[in-house]
Amino acid sequence: MVSQRTIEIVKATAPIIKEKGEEITTRMYQIAFAERPDYKRGFETTWMQRLDGGDQAHKLAASVYAYATHIDRLDELATAVEKIAHRHVETRILPEQYELIGEKLLQAMKDVLQDAATDEVISAWAEAYAALANIFIQKEKAIYKQEDQELTERLAYGR
Ligand code: HEM
């Protein structure tokens, strides 16, 4: 769980995230893929449509905004988290990929928000991102495990 101070700061940034979210996530994909072009794997459909991330930049911005506004009542986001986690598993996202995406998301916030991205805002978002990444990582591990079990059973029983 994140600190009370982080909750306050993240919530206070919600309006600016709403306004600039897509600019931030578009920038995030740009710098993340410049460093790790291999992370584009999984985004084939999205990236064939638009080279700037298009729909995916919009979806990620919407989810970051939803997180900012619900950080103290995450249970309300359970269905959305479940859906995103399943999509991540379908595209074979792994836990170790979260760190780079987080680093680039914070860098993109600095690039786009400039003076509004104070050290306090960035460190609050660093803590908040780590908590969200952990939620996805745990959920996705459980889905991978479930898939493995189902496959093992099918192989064992020849179904
Ligand atoms: C806390 C961090 C993250 C959030 C909030 C997030 C959010 C999302 C959302 C909202 C979607 C769209 C789901 C849908 O269409 O129903 C998505 C899909 C996806 N995400 Fe993430 N994501 C995160 C981390 C990551 C990481 C670390 C990667 C690794 C590169 C990644 C790769 C993908 C891919 C490949 C898709 C599918 C894109 C497609 O359908 O074209 N995500 N994510």
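Positions within a chain are numbered from 1, following the residues in the order the chain's sequence is written. Side-chain atom pairs in this predicted model are given and counted only at pLDDT of 80 or more, local residue features only at pLDDT of at least 70, and totals for whole chains, interfaces and linings cover all residues. Each side-chain value is derived from all of the structure's non-hydrogen atoms; neither hydrogens nor water enter the calculation.

Draft legend 1. Just the overall build of the protein, in detail. Here a helix means four or more residues in a row that DSSP labels H or I, a strand means two or more in a row labelled E, and each is numbered from the N terminus. When you go through the protein residue by residue, the secondary structure sums to 7 helices and 0 strands. Counting from the amino terminus, the protein carries its helices and strands in the arrangement α-α-α-α-α-α-α. The globule rule used here is 2.2 Å times the number of residues to the 0.38 power, and the radius of gyration it is set against is calculated over C-alpha atoms. Rg of the C-alpha trace for the protein: 17 Å, near the compact-globule value of 15 Å for 159 residues, within the 12% margin. In terms of principal-axis extent, the alpha carbons of the protein reach across some 60 × 35 × 20 Å. Going through the 159 residues of the protein one by one, you find that 38% of them count as buried. The contact rule is simple, with two residues in contact once any of their heavy atoms fall within 4.5 Å. Counted over contacts in the protein with a minimum sequence separation of 6, partners at least 24 positions apart contribute 81%. The method behind every accessible area is Shrake-Rupley, applied with a 1.4 Å probe, and residues are considered shielded solely by the protein chains displayed. For the protein, the accessible area works out to roughly 9,700 Å², and carbon and sulfur atoms hold 53% of it. Note on classification: 1.4 Å probe, protein chains only; a residue is buried when its accessible area is under 20% of the maximum for its type, exposed when over 50%, partly exposed between these limits.

Draft legend 2. Up close: the layout of surface pockets. Detection works on a 1 Å grid of protein atoms alone, calling trapped sets that fit a 1.4 Å probe cavities and calling open sets with protein on both sides within 12 Å along at least five of seven lines pockets, with lining residues defined by an atom within 4 Å of a point. Grid points are joined across faces, edges and corners, and a volume is the space filled by probe spheres set on the points. Its boundaries defined by the atoms lining it, the largest pocket holds a volume of some 1,100 Å³. Where the lining of the largest pocket is concerned, the elements lending two or more residues are α2 (14-35), α3 (44-49), α4 (54-70), α5 (78-90), α6 (97-113) and α7 (119-157). The element best represented in the lining of the largest pocket is α4, accounting for 9 residues. Residues are sorted three ways: Asp, Glu, Lys and Arg are charged, Ala, Val, Leu, Ile, Met, Phe, Trp, Tyr, Cys and Pro are nonpolar, and all the rest, Gly among them, are polar. Classifying every residue of the lining of the largest pocket gives 23 nonpolar, 9 polar and 4 charged.

Draft legend 3. The arrangement of unusual backbone geometry in detail. Phi at Arg 92 is positive, roughly 60°, even though this residue is not glycine. Mapped onto the elements, Arg 92 comes out in the loop between α5 and α6.

Draft legend 4. Quick look at empty space enclosed by the protein. In total, this model carries 1 cavity of 30 Å³ or more according to the counting rule given. Its boundaries defined by the atoms lining it, the largest cavity holds a volume of some 30 Å³. Every residue lining the largest cavity is listed: Ile 17, Gly 21, Ile 24, Thr 25, Val 64, Leu 105 and Met 109. Elements supplying a minimum of two residues to the lining of the largest cavity: α2 and α6.

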